[in-house]
Amino acid sequence: MDFEFPEDIVKAREKAAEFARKEISSKKALMYDRDEKFPEELKKKAFEYGIVDYTNPWSMLVTIEELCRADPGMGIAATVSLFGAEVIMLFGNDSQKTKYLGAVQNGAMMMGLAVTEPGGGSDVAGIKTTARKEGNKYIINGSKMFITNGAIADFFVMLVRTSNPEDGKRHHGLSTLIVPGNLPGFSRTKITGKLGVRATNTAELVLNNVEVPAENLIGEEGKGFYYIMTFFNISRAYVAAQAIGIAQGALDRVLGYLSELQSKGASSSITEEIQMTASDIATRIEASRLLTYKAASYLFQFRPNPTITSMSKAYAAETAVFATEKALEITGYSGINGDLERFFRDAKIMEIWEGTSEIEKLIIWRNLIKETQGGN
Ligand SMILES: Cc1cc2nc3c(=O)[nH]c(=O)nc-3n(C[C@H](O)[C@H](O)[C@H](O)COP(=O)(O)OP(=O)(O)OC[C@H]3O[C@@H](n4cnc5c(N)ncnc54)[C@H](O)[C@@H]3O)c2cc1C
């Protein structure tokens, strides 16, 4: 049993931290947040630097952590252009992989994953967007909400309803299609004024008789729900890494602030309560890391453990919210006027996307009770 990462992963972490030191500053982060602008240049540089590589998931996990530690909005924007790629990697055919994955893996194209709709995101089987098969094409009608990279992606992996199964099981009638963003009838509207992660692009998508060739179906018709759930299991580990990065970034700033107080001879203002709180933040970060690396270890060996994955995502997200809130309380005026105000807003999204904390806890509960009752 060894709790240390192998050397190549340690190096990947160092490389990502070095990139963050060079390319992510408080000034730039403040600008992208204020202007709600996607940092295209940063994304390009991250690919050139060789730190965005979803075929090497452990490196990706620690890279996401380090970039979000520097700034969550910029860190996520730099690494999110392949969002949804695993659906094609795992379930797509060779020609889909060649056409789409190659281009997103070298940064030439950007993609998104469109599941959530204006009617809700947690009830995935309840989506209303339809795709009717006519000859050798699908005709799509409906809308998608809060889609990351929505206004700038070249194409989407989209969950659609292709049938209403007679067995009444809503999730049996769903399929995944690859939908290019520039098709007639496809309109995309950027959402502004988000609470956090404002450097990422979020949009509403409306599809009005959008036609895609039948060859854009990923895997089999009716299996889309399972593909998306498999994907969420993977992406939840990456969200946990984002959350750990945010929490660690908050702790770094708290410790920087407190050590400056000490060096100014103001140690007496570092009360016992502040010391306990800082220790608590550090402990929760460590616990989040252990859970997340355990979840990732199962996932990256192709034997996912959804209970551990949901535990890691929910716990790391709560840790990010806890750490940023406590960091603001400790640093007061200085924090509110610095990076921590942004970190605090960015942390909240960790409890929402890729399954809210309530949904993660429902998954944990259902698996626990199933195991207790001897199910599988
Ligand atoms: C910035 C941002 C980016 C996003 N990017 C994407 C993206 O790229 N692709 C995509 O498809 N979606 C994306 N989303 C959507 C996100 O995944 C959803 O917001 C999330 O799944 C929750 O769905 P909802 O907002 O519709 O809330 P709802 O599902 O309506 O839930 C509302 C509240 O009810 C609770 N709730 C719901 N059902 C239950 C239940 N059964 N038991 C207990 N509590 C329950 C939820 O926890 C939540 O607190 C993004 C969202 C944001 C904010």
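About the criteria used
Residues numbered from 1 in each chain as written. Predicted model: local features only at pLDDT ≥ 70, side-chain atom pairs only at ≥ 80, totals over all residues. Heavy atoms only, no water. Near = heavy atom within 4 Å. Polar contact = N/O pair within 3.5 Å; in protein donor to acceptor, adjacent residues only side chain to side chain. Helix = DSSP H or I, 4+ residues; strand = E, 2+ residues; numbered from the N terminus. Nonpolar A, V, L, I, M, F, W, Y, C, P; charged D, E, K, R; others polar. Domains from an automatic or database assignment. Buried area = accessible area lost by both parts, 1.4 Å probe. Salt bridge = Lys/Arg side-chain N within 4 Å of Asp/Glu carboxyl O. Contact = heavy atoms within 4.5 Å. Phe/Tyr/Trp six-rings, centres within 6.5 Å; stacked < 30°, edge-to-face > 60°. Lys NZ or Arg CZ within 6 Å of the ring centre and 35° of its normal.

Caption draft 1: Spotlight on the site of the ligand. Close contacts around the ligand come from 20 residues, with T116, S122, F146, T356 and E358 the closest. Here a nitrogen atom of the ligand sits 2.8 Å away from a polar atom, N or O, in the side chain of T148. Elements represented by at least two residues in the shell around the ligand include exactly β1 (111-114), β3 (137-148) and α13 (357-372). By residue class, the composition of the shell around the ligand is 11 nonpolar, 6 polar and 3 charged.

Caption draft 2: How the structure looks around the domain arrangement of the protein. With domains assigned, the protein is organised as domain 1 (7-79), domain 2 (110-222) and domain 3 (226-372). The C-alpha-based centres of domain 1 and domain 2 are spaced at 28 Å. A combined buried area of about 880 Å² lies between domain 1 and domain 2, and 61% of that area is made up of carbon and sulfur atoms. The largest contributions to the domain 1 side of the interface with domain 2 come from D33, E36 and F38, which together make up 63% of the buried area. Counting the contacts that link domain 1 with domain 2 gives 0 salt bridges. Inspection of the domain 1/domain 2 interface yields 2 residue pairs in polar contact (both at pLDDT 80 or more). Here the side of domain 1 that touches domain 2 takes 4 residues from helix α5 (residues 72-79), the largest share from any one element. Tallied by class, residues from the side of domain 1 that touches domain 2 come to 6 nonpolar, 1 polar and 4 charged.

Caption draft 3: Region of the structure containing the side chain of K194. Positionally, K194 belongs in the loop between β6 (186-190) and β7 (202-213). Only 2.9 Å separates the side chain of K194 from the backbone oxygen of T200, close enough to count as a polar contact. Not counting chain neighbours up to four residues away, the residues in contact with K194 comprise E36, T200 and T202.

Caption draft 4: Fine view of the packing of aromatic side chains. The final tally for this structure, using the stated rule, is 13 aromatic pairs. Taking the centre distance of 4.6 Å and the plane angle of 55° together, the rings of Y100 and F155 count as tilted. Taken together, the residues span a long stretch of sequence, with Y100 in helix α7 (residues 94-105) and F155 in strand β4 (residues 155-161) at a distance of 55 residues. Through a chain of ring-to-ring contacts, three or more aromatic side chains come together here, namely F5, Y54, W58, Y238, Y293 and F300. Just above the ring of Y49 sits the side chain of K15; from NZ or CZ to the centre is 5.7 Å.

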